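The residues making up each chain are set out below.
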Amino acid sequence: MNNDSIKLLDPKTLARADKLGLAARFIVEGYMAGEHKSPYRGFAIEFSQHREYSPGDDVRHIDWKVLGKTDRYYIKQYEQETNFVAHILVDGSESMQYGSGDLTKLEYAKLAAACLAFTIIKQRDAVSLSLFGNSTREELPRGNTQNHLFNILEKLVQFSPSGGTDLAGQLHSVASQSQRKGIVIVISDFFDDEDSTLEAVQHLRFVGHEVIGLQILDHDEITFPFNGLVEFEGLEEIPNLKTRPTEIRKSYLNEFNEFQEKLRDGFNKNSCHFVECDTSKPLEEVLGSYLTFRKETATK
Amino acid sequence: MSFLNPALLMGAAALAIPIIVHLLNRRRFKRVKWAAMRFLEVSLERNQRRMKVEDWILLIIRLVIVALIVLALSRPATDWIKSSGLGSTVTASVIVDSSASMQRTDQNSDLSRFQIAKETAREALSSTPKGSSSSILFAANSSGSGMKEPSHDNKRVINILNETEPSDRGSDLLPAIQSSINSLNNSPSTQKELIIITDGEASAWKQFESISRAIDQNKDTINTTIALVGKTPAENIAITSLTQKTPIVAVGQPMRLSVGITNFGEIEINDLSIQISINENTSGLPINIDSIKSGEEKIITAFVEIDSPGYLRIKAQIDYTDSKSVDNSREIVIKAVEKIQTLLIDGEPGRSITDSETFFLQNALIPVPEELIESFFISSNIINLGSIQDIEIKDYDVIFLANVPDFSNELSNRLNDFVKSGGGLVVFPGDNINASFYNQELHEKLNLLPASYGKILPIEGSNSVLSLQASGYNHPLVELWNDPGAGTLGDVKTFKAFELILKDGVDSNIAIQYNNGSAAVIEADIGLGKVYQFSSSADTEWNDLPVKAAFLPIVHRVVGSVISRMDSGLNIQVGDTFIRKVPQSWINKEATISHSKSETATFINAEISDDGGNVQFNQVNSSGIYDLKLTEPFELIQFSATSDPRESNPEKLSGPQIERLKEISSNFIESSSLNEITSAINQKRKGAEIWPLLLLAALLLTLLELYLSQKFSQEK
């Protein structure tokens, strides 16, 4: 684990997240060795699929037969190898590059993803990671080892944003590919078509996933505090707009709040959590609040 | 609309400033990389049109503000606003001709020229914009009364105008115009107006060249308006002179008057009647003039009987109605005496009365038969020098010294006091006189004689004879001989005479001179009295004057001159200063002076002078009789002021002169209509300045701009 990877693990956040844990609100498909109830019994030994070997994978799971036949390294993956699977989807579009404070939205998102992955893996649950824009750009299958965590952190550190967003497409893809119910943690600004996004969330819920939306917003996006004449440069190939922000502030905030309301309502209707993260606020505070809330609602 | 600072209109280029600022502001913006563009796009789409409209509104308001400020700085003046409540600070100096000719009422007019001029001046002053300063001068033959320096108190100036009455003075516009131009040049105002309201009669413009030069030299800085009121009347007849021709006015004696009547009109006047009156009572029958042609002057002689002593008001009145009634009469004041007492001191009595030195003198003084001597208005007492001690010389009016050798200092002093308190002294030399006594005692020491006796003329042994002057009779004593019909003094021969040497610094005149230019008779005012010093004898020993016809009028005129010495200034011209020598008794006493038709009087004090006191009065503005009264003890002196006869001449400015005035003035109006004149003056005015309105509008727009820009930039 290099220094950049370590930086992603904010000690304060990790300490609070570790203490609180990440409990699935619903029954997940895992056995009870963990903290989660599972409808299945016995150890997870059923073969699920092959996956190409990547450094850090346990060599014990290399399928030697496939190696013999194809001269390629494949890892045998098994169902029920963990208590639950958390799919962390991080928005890597250009819109996430914006940041008026110390951190851009993407950096904040990476930090959140890293902390969540660390916490989940520490409680011996599995985490998969997907970094996406218009399509999936980086992906790590689920895993619950320390090496997997390192891989996740490495991916996060090395990732740089580009292009637009197809959030709905990503969610639909996760819903159709994942065979086991789990937690889908979407870390994004959600600046995409909200109707499509909510439709995708509904799809995930339909296949049994719990969905957590972590909306990463810059403080300026929430308050729109600009004065004077400002030219706004679109981050996702949208033409520049020159205007006096004070004269349209109310209108902007109305639009923005309407959008937020719609998202919040959509997630609520699907019994999903929607967490708004202001990048000006410390991550441990935002994440801690949510996890506290989550723990409280889970025990009920 | 006109502009007082048109050069500042160049500032219109400043209109580009708001546009440049607007464009520059559009180039000065922050760049922000932005993720939430979708919300911006929607908001902008909704507000774009409104924001553009707001931008245009603000830009237009800013342009209008700059335009209004530029306009205000260029000081536009407009006739749209006739009210005097706004803008333009002019300095106006109004000159109203207040001379006698302005009292004329023209045909088809209810108002006199002076009333029209006053109304015009009032309108011109009232219509000056608020904050202006103005002055008013009434021009007659001095720099004029009124208010010379411009004042911001317009009401006070108009009050002065309202209260001023026309004068009977002659007119000369130059002093008033020069005074006004000086005041205007000292004014910091950028708009200076000189308004001259006169009747355009040539007499007021007698210094036309100087006037036109003064106006021309200042035409770049002073806008001059010349308003000529009045038309040339078809007829105007005037009494242009009324003079007393009798040297001594005495009770019971007929007095000869000379009356000058001039027809200044364009038509001949027939059957003109002139009535003489004394103290408002008609004296004798009217005198008729058959006809007097246009431009003709007729001198008529009138005789009036004097029946009471003292001050008499003699008036000549024409029975005729014309455009100017004030010059149809003329009034003078004379002082009539009851009896004149003369004392003749004979220095060479002779064996018979015909041999005496005073024989010819006495006959000249009382040229009547013996039975009429008592009733004659002059009485004489002949004495020798030795009897003078028994005589109270103060009882006499005139003392003649005829060839008196010399006399005591005591008598010298008595004579000195007598003269200085108003008596007359006539000195004739002769063979007996002690010239050095006269020179040292009476001339050098007492200053009683104006000249010293010098050498004998003509030079002894030359056998030449001196003659009296044959022409050039300038002194009142001999002006009679200016009339060729009266003969000449040139035939009077003098065989012997003293050279009369005048002393410097003595107020004296040569009354008669010899043909070689040397003085024959010198007169001088000494104190309140008068001294005549002859160079030759009173009898025929040294000259033949006593046997010439001229001797009697000369002697009578000498007596008359002494008698009227105190009253010589009783008839003055309007505008002149009345000066009267008064005795010591007037000093520190309350005296008043008033016009006989006025209800108000002016307090006046006698000023101390070497020989008594002086009363001076320089406010003689109206023609007529004035009363000078000493309250305690009561004493009344009357004098008369007559108007300048040139004021009766309605001759107007010539065509070339009017053309010249049109050329140098910014506004030349010739009309008798009040409305025409006032509207012409107002039309030429630059109107009210509207810069305060423009600045107010600019200020309001600035406030509006601030409000709108604040409102537009509020969160929406």
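What counts and what doesn't
- Residues numbered from 1 in each chain as written.
- Chains lettered and ligands numbered in written order.
- Predicted model: local features only at pLDDT ≥ 70, side-chain atom pairs only at ≥ 80, totals over all residues.
- Helix = DSSP H or I, 4+ residues; strand = E, 2+ residues; numbered from the N terminus.
- Buried ≥ 20, exposed ≤ 12 C-beta atoms within 10 Å, placed from the backbone.
- Contact = placed C-beta atoms within 7 Å.
- Pairing = 2+ DSSP bridges.
- Axes fitted to C-alpha atoms, helices over the stretch in contact; angles between N-to-C directions.
- Nonpolar A, V, L, I, M, F, W, Y, C, P; charged D, E, K, R; others polar.
- Parallel < 35°, antiparallel > 145°, perpendicular 65-115°, else oblique.
- Left-handed = near helix turned anticlockwise from the far one by under 90°.
- pLDDT = per-residue confidence, 0-100.
- Core = buried A, V, L, I, M, F, W, Y, C linked by C-beta atoms within 7 Å.
- Expected span 1.5 Å × (residues − 1).
- Right-handed = clockwise from strand over helix to strand, strands pointing away.

**A closer look at the overall build of chain B**
Helices and strands together make up the secondary structure of chain B, namely 13 helices and 37 strands. For chain B, the residues scored as buried account for 42% of the 716 residues in total. Across chain B, contacts joining residues at least 24 apart in sequence account for 75% of those joining residues at least 6 apart.

**Here we look at the overall build of chain A**
Counting its secondary structure elements, chain A contains ten helices and ten strands. Taken over 300 residues, chain A has a buried fraction of 43%. At a minimum sequence separation of 6, the contacts of chain A that also span at least 24 residues come to 75%.

**Points about the sheet that holds strand β3 (residues 85-91) of chain A**
Residues and elements named next belong to chain A. Reading across the sheet, the six strands line up as β5-β4-β3-β6-β7-β10 and stay open at both edges, with mixed pairing between neighbours. The sheet is open, and its two borders are formed by β5 (136-143) and β10 (273-278), each paired with just one other strand. Taken over all neighbouring pairs, the strand axes of this sheet differ in orientation by 15° on average, direction set aside. Here strand β6 (residues 183-188) runs beside strand β7 (residues 210-217); their pairing, made up of six bridges, is parallel. Bridge pairing links Ile187 to Leu214 in β7.

**Focus on the interface of chain B and chain A**
On the chain A side, the residues contacting the 26 residues of chain B number 28 residues. Going through the elements one at a time, α1 (16-27), β2 (30-34) and α2 (37-73) of chain B are the ones with two or more residues in the side of chain B that touches chain A. Considering each element in turn, the side of chain B that touches chain A owes the most residues, eleven residues, to α2(B). Taken together, the residues of the side of chain B that touches chain A sort by class into twelve nonpolar, four polar and ten charged. The pairing of strand β8 (residues 230-234) of chain A with β2(B) spans five bridges and is parallel. Looking at β2(B), one finds that A:Val230 is bridged to B:Lys30.

**Some thoughts on the packing of helix α7 (residues 194-206) of chain A against helix α9 (residues 245-269) of chain A**
All names here are of chain A. In the contact formed by α7 and α9, the axes pass within 10 Å of each other and the chain directions differ by 15°. Judged by the inter-axis angle, α7 sits roughly parallel to α9. α9 is crossed by α7, and the crossing has right-handed handedness. Along its contact with α7, which presents Glu194, Leu198 and Val201, the element α9 presents Phe259, Lys262, Leu263, Gly266 and Phe267.

**Remarks on unusual backbone geometry**
Cis peptide bonds are those with omega within 30 degrees of zero, and the linkage from B:Leu457 to B:Pro458 qualifies with -20°. Structurally, B:Pro458 can be placed in the loop between β21 (451-457) and β22 (466-467). Cis geometry marks the peptide bond from B:Glu632 to B:Pro633; its omega dihedral reads -5°. You can see B:Pro633 is positioned in the loop between β34 (624-630) and β35 (635-642). The residue A:Ser271 is not glycine, and still its phi comes out positive at about 55°. Structurally, A:Ser271 is set in the loop between α9 and β10. Within the chain, B:Glu280 stands out as a residue other than glycine whose phi angle is a positive 70°. Position of B:Glu280 relative to the elements: it lies in the loop between β11 (269-278) and β12 (281-282).

**Quick word on the confidence of the model for chain B**
Residue and element names in this part refer to chain B. Averaged over all residues, the pLDDT of chain B is 85; the fraction at 70 or higher stands at 95%. Within chain B, no element has a lower average pLDDT than strand β37 (residues 688-689), which sits at 65, and none a higher one than strand β20 (residues 424-428), at 95. Across the predicted assembly, pTM comes out at 0.56 and ipTM at 0.74.

**Section: the nonpolar core**
Membership of the largest hydrophobic core comes to 109 residues, with the highest contact counts inside it found for B:Leu361, B:Ile399, B:Phe400, B:Ala402 and B:Val559. At seven residues, helix α10 (residues 551-563) of chain B tops the list of elements feeding residues into this core. Not counting the four nearest positions on each side in its chain, B:Phe400 is found in contact with B:Thr342, B:Leu344, B:Ile345, B:Thr358, B:Leu361 and B:Val426. Grouped together as the second largest cluster of nonpolar side chains are 74 residues, A:Ala112, A:Ala117, A:Phe132 and A:Leu198 included.

**A look at helix α5 (residues 173-185) of chain B**
Residues and elements named next belong to chain B. Under the 1.5 Å per step criterion, the end-to-end length of α5 is 18 Å for 13 residues, consistent within 8% with the ideal 18 Å. Turning to α5, its buried residues are Leu173, Ala176, Ile177, Ser179, Ser180, Ile181, Ser183 and Leu184. Of the surrounding secondary structure, the elements contacted by the buried residues of α5 are β4 (90-97), β5 (133-139), β6 (145-151), β7 (191-198), α6 (208-217) and β8 (222-228).

**Focus: α10(B)**
All names here are of chain B. Along its 13 residues, α10 runs 18 Å from first to last C-alpha, staying within 8% of the 18 Å computed at 1.5 Å per residue. With ten of 13 residues buried, α10 is to be regarded as a mostly interior element. On the buried face of α10, the contacting elements are β17 (340-346), α7 (359-365), β18 (378-384), β19 (398-402), β20 and β27 (529-534).

**Description of the pairing of β7(A)**
Residue and element names in this part refer to chain A. In terms of burial, β7 is a largely internal element, eight of the eight residues being buried. Going residue by residue along β7, you find Glu210, Ile212, Leu214 and Ile216 tucked away on one face and Val211, Gly213, Gln215 and Leu217 tucked away on the opposite face as well. In terms of handedness, the path from β6 via α7 over to β7 forms a crossover that is right-handed. As paired elements, β7 and β10 share six bridges and run parallel to each other.

**Some words on the pairing of strand β33 (residues 612-617) of chain B**
Residue and element names in this part refer to chain B. Pairing of strand β29 (residues 578-582) with β33 involves five bridges; the strand directions are antiparallel. Across the sheet, Arg580 pairs through a bridge with Val615, a residue of β33. Strand direction decides the pairing type here: strand β32 (residues 607-609) and β33, joined by three bridges, are antiparallel. When the sheet's bridge partners are listed, Glu607 is paired in β33 with Asn614.

**A few points about the sheet that holds strand β10 (residues 254-263) of chain B**
Residue and element names in this part refer to chain B. With antiparallel pairing, the three strands of this open sheet are ordered in space as β9-β10-β14. Edge positions in the open sheet fall to β9 (237-244) and β14 (297-305), since each of these has one partner strand only. Each adjacent strand pair in this sheet contributes to an overall mean axis angle of 25°, direction not counted. As judged from the seven bridges shared by β9 and β10, these two strands associate in the antiparallel manner.

**Brief notes about the packing of helix α4 (residues 105-122) of chain A against helix α5 (residues 146-158) of chain A**
Pairs of packed helices are described in terms of their axes, by the angle between the two and the distance that separates them. Residues and elements named next belong to chain A. In contact at an axis separation of 10 Å, α4 and α5 are set at 175° when each is read in the N-to-C sense. With respect to α5, the element α4 is oriented roughly antiparallel. Within the contact between the two elements, α4 uses Lys110, Ala113, Ala114, Ala117, Phe118 and Ile121 and α5 uses His148, Leu149, Ile152, Leu153 and Leu156. Residue composition of the contact of α4 with α5, grouped by class: nine nonpolar, one polar and one charged.

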